[in-house]
Amino acid sequence: MPHFTKPEAGSWTENYPELGTSPVNYEDSIDPAYYEAEKEAIFKKTWLNVGRVEQVPKVGSYFTKELAVADTSLVIVRGKDKEIRAFHNVCRHRGNKLVWNDFPGEEVKGTCRQFTCKYHAWRYSLDGDLTFVQQEKEFFDLDKADYGLKLVRCEVWEGFVFVNLDPEAQPLKEYLGEFAKGLEGYPFHEMTEVFTYKAEIGSNWKLFIDAFAEFYHAPVLHMKQAVKDEADKLFNVGYEALHYEIHSPHSMISSWGGMSPPKDLTIVKPIERVLRSGLFGPWEAPDIEGLENLPTGLNPGRHRAWGNDSFEFFPNMTLLIWKPGWYLTYHYWPTAVDKHIFEANLYFVPAKTARERLKQELAAVTFKEYALQDGNTLEATQTMLKSRVVTEFPLCDQELLLRHLHKTVADYVKEHTDAAQ
Amino acid sequence: MLPSEFAALEPFNAWVLESERDRYSKRLASSMEEMQTFYDAAFPLLEQASDHLDKFPLSELPEQERNLLLLMFSLVNVSFPVEVWKQARVPDSGAAYMDLVVEPKV
């Protein structure tokens, strides 16, 4: 018997008949040719979240973003007119990477008045105009106006900075659609204290989304994180979401939040009891405007037991909002068919007291303990998928978002391939 | 190094570390006995330390208080090995790593 009501169709999955219920083939996560197709069809065509406005607080603030999956590197910078722009990180003279420090592959950030190429000192304004050419008279009919930095589409939604390498792409808000509309007004701008984790993971990017787009694995893989009686109970009950919703290409899962605070304090670790915080974050919400009347897009099932909503913004951004008033994002940046950079950001309202800061520290440390288990498991999955001993995998109703992700990727790849023929 | 009320924690000054990377590295380099000893001394003082530190605005902690907070961050970091894992590494995490590349300043 389900604990929570399922749709009239009989299951969450059958509520979206286009997804089917048959086993799923994971060739899309091991085939190098497919990965190349994804780069063209998805990562060079869709809106990618590269950061937040707080990372470029003032005129001249910039950061770089390595986009191996789109074969480029970008500079995101706030110009003199306060606008945020994105440029390909390449000097127009001889193609040197423009903004970097000691190691060309590492992302950097800072503040400057202009960009100067290390190679021959060509300079560019914050708006991307070429402003200075070393020994300009040595060149042949060079018009500086023709050699500004290559601009990339860059739009902001609720403080999240997105780029799109396709100049023809639809506007960001239109692309993000219903889910984004439903989240507008959430006080993201108050939650500016950030913990950023990074890891290189030996798996296809989609496999980590799979891991975070279902909580069916949680009572099993993370069993030892609860005290024994609680772990046994969680294992026996299993996991059921409160609500699932798809507005393709995006999707979401709504979940309960019984640990924040837990009904029974004996089920949590001693340090959680003292600090009143844990994986689900600080148990008490911060004192800010905007958490009382949440935007309509949160808790779509209107459940009393609601604890968090996790949105999968296609292709590679997870936005997870916790009921007590903090949120996190995950990004999965592919670097090869069997490798990606995983980035997690935890966002809190800035702590005013040491106790508040300790609560956040516990939430952040706890997050890492869980994520390490998830990340390591994926390498095991990747190697065995590659063996092709098993090629078809049954997905359950709690794995609806995975089914949707792999189908959406396939649809994008097919559309792109068809158009090229 | 620490406020006088917390003199009992002076033997654990090596756990006053600036970053999560330092704290996690020390955790991996420590034996369970070392972490247990630190935990047994620090955990009972966590509530008292929080009360003491809350008398100051977080952005203006005097040096000794700031050291105490950093020490308590280390306590948080070893709480997993001591309270649940019974080992320094996260079980089932193999060679996986995860770097904290940005953390709020204190």
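In this text the structure is predicted, and so the values were computed from the model without any measurement. (Residues numbered from 1 in each chain as written. Chains lettered and ligands numbered in written order. Predicted model: local features only at pLDDT ≥ 70, side-chain atom pairs only at ≥ 80, totals over all residues. Heavy atoms only, no water.)

A. Representation of the overall build of chain B in the model. Summing up its helical and strand segments, chain B has 4 helices and 1 strand in all. Secondary structure elements in chain B, listed N-terminal to C-terminal, are α-α-α-α-β. A compact globule built from 106 residues would reach a C-alpha radius of gyration of about 13 Å, and chain B, at 14 Å, matches this within 12%. Counting only C-alpha atoms and orienting by the principal axes, one finds that chain B spans roughly 40 × 30 × 20 Å. Per-residue burial for chain B yields a buried fraction of 52% across its 106 residues. (Helix = DSSP H or I, 4+ residues; strand = E, 2+ residues; numbered from the N terminus. Rg over C-alpha atoms; globule rule 2.2 N^0.38 Å. Buried < 20%, exposed > 50% of the residue type's maximum accessible area, 1.4 Å probe, protein only.)

B. Quick peek at the packing of aromatic side chains. Under the definition given, this model contains 33 aromatic pairs over all chains. Look at Phe 188 of chain A and Tyr 327 of chain A: their rings are 5.0 Å apart centre to centre, the planes differ by 85 degrees, and that puts the pair in the edge-to-face class. Here Phe 188 of chain A, found in the loop between helix H2 (172-183) and strand E12 (193-201), pairs with Tyr 327 of chain A, found in strand E17 (residues 326-336); they are 139 residues apart in sequence, far enough to count as distant. Exposure remark for Tyr 327 of chain A: the relative accessible area of 0% places this residue in the buried category. Here the aromatic residues Trp 157, Phe 160, Phe 179, Tyr 186, Phe 188, Phe 311, Phe 313, Tyr 327 and Tyr 347 of chain A are joined through ring pairs into a cluster of three or more. Lying across the ring of Phe 80 of chain B, Lys 269 of chain A places its NZ or CZ 3.8 Å from the centre. (Phe/Tyr/Trp six-rings, centres within 6.5 Å; stacked < 30°, edge-to-face > 60°. Lys NZ or Arg CZ within 6 Å of the ring centre and 35° of its normal.)

C. Structural view of empty space enclosed by the protein. Residues and elements named next belong to chain A. What the rule picks out here adds up to 3 cavities of 30 Å³ or more. Considered as a void within the structure, the largest cavity measures approximately 80 Å³ in volume. Lining the largest cavity we find Ile 209, Pro 249, His 250, Ser 251, Glu 312, Phe 313, Phe 314, Pro 315, Leu 401, His 404 and Leu 405. When residues of the lining of the largest cavity are traced back to their parent elements, those giving at least two are strand E14 (250-256), strand E15 (306-313) and helix H8 (400-420). Split by residue class, the lining of the largest cavity holds 7 nonpolar, 3 polar and 1 charged. What the second largest cavity holds in volume is close to 50 Å³. (1 Å grid on protein atoms, 1.4 Å probe; cavity = no way out; pocket = protein on both sides within 12 Å on 5 of 7 lines; lining within 4 Å. Points joined across faces, edges and corners; volume = space filled by probe spheres on them. Nonpolar A, V, L, I, M, F, W, Y, C, P; charged D, E, K, R; others polar.)

D. Representation of the pattern of salt bridges. All names here are of chain A. A full pass over the atoms with the stated rule returns 33 salt bridges over all chains. With its nearest N and O atoms 3.2 Å apart, the salt bridge here joins Asp 71 to Lys 44. One end of the pair, Asp 71, is in the loop between strand E3 (61-67) and strand E4 (72-78); the other, Lys 44, is in the loop between helix H1 (32-43) and strand E2 (48-52), and 27 residues separate them in sequence. One connected set of salt bridges, linked through shared partners, spans Glu 36, Lys 39, Glu 40, Lys 44 and Asp 71. (Salt bridge = Lys/Arg side-chain N within 4 Å of Asp/Glu carboxyl O.)

E. Expanded view of the interface of chain A and chain B. Facing 35 residues of chain A, the contacting portion of chain B comprises 41 residues. Roughly 3800 Å² is buried in total at the junction of chain A and chain B, and carbon and sulfur atoms are behind 65% of that figure. The largest contributions to the chain A side of the interface with chain B come from Arg 355, Glu 369 and Leu 372 of chain A, which together make up 17% of the buried area. The tally of links from chain A across to chain B stands at 7 salt bridges. (Contact = heavy atoms within 4.5 Å. Buried area = accessible area lost by both parts, 1.4 Å probe.)

F. Structural view of the pairing of E17 of chain A. Residues and elements named next belong to chain A. Of all the 11 residues making up E17, 9 are buried; the element is thus mostly covered by neighbouring parts of the structure. Bridge count between strand E16 (residues 317-322) and E17: 6 bridges; the pairing is antiparallel. Looking across to E17, one finds that Thr 318 is bridged to Tyr 330. A loop of 3 residues connects E16 with E17, the two strands running antiparallel in sequence, and Gly 325 in this loop sits at a positive phi of about 100 degrees. Of the pairings in the sheet, the one linking E17 to strand E18 (residues 339-348) comprises 9 bridges and is antiparallel in character. Bridged to Thr 329 within E18 is Asn 345. (Pairing = 2+ DSSP bridges.)

G. Just the nonpolar core, in detail. Among the nonpolar cores identified, the biggest contains 142 residues, and Trp 157, Leu 319, Phe 342 and Phe 367 of chain A together with Leu 9 and Leu 75 of chain B are the most heavily contacted of them. With 13 residues, helix H4 (residues 63-85) of chain B is the largest single contributor of residues to this core. Every residue in contact with Leu 9 of chain B, bar those within four places of it in the chain, is listed here: Leu 2, Ala 41, Ala 42, Leu 45, Leu 68, Leu 71 and Met 72 of chain B. Formed by 17 residues, the second largest nonpolar core is a distinct cluster that contains Phe 87, Leu 98, Val 99 and Val 108 of chain A. (Core = buried A, V, L, I, M, F, W, Y, C linked by side-chain atoms within 4.5 Å.)

H. Structural detail: the packing of helix H3 (residues 205-212) of chain A against helix H7 (residues 354-387) of chain A. All names here are of chain A. Relative to each other, H3 and H7 sit at 130 degrees, their axes nearing to 10 Å. Taken together, H3 and H7 sit at an angle that is classed as oblique. The chirality of how H3 crosses H7 is right-handed. Residues Leu 207, Phe 208, Ala 211 and Phe 212 of H3 form the contact with H7, whose own contacting residues are Ala 371, Asp 374, Gly 375, Leu 378, Thr 381, Gln 382 and Leu 385. Grouping the amino acids of the contact of H3 with H7 by side-chain chemistry returns 7 nonpolar, 3 polar and 1 charged. (Axes fitted to C-alpha atoms, helices over the stretch in contact; angles between N-to-C directions. Parallel < 35°, antiparallel > 145°, perpendicular 65-115°, else oblique. Left-handed = near helix turned anticlockwise from the far one by under 90°.)

I. Fine view of H2 of chain A. Along its 12 residues, H2 of chain A runs just 14 Å from first to last C-alpha, ending more than 12% under the 16 Å computed at 1.5 Å per residue. Once H2 of chain A ends, the next one or two residues include Gly 185 of chain A, with phi positive near 100 degrees. (Expected span 1.5 Å × (residues − 1).)

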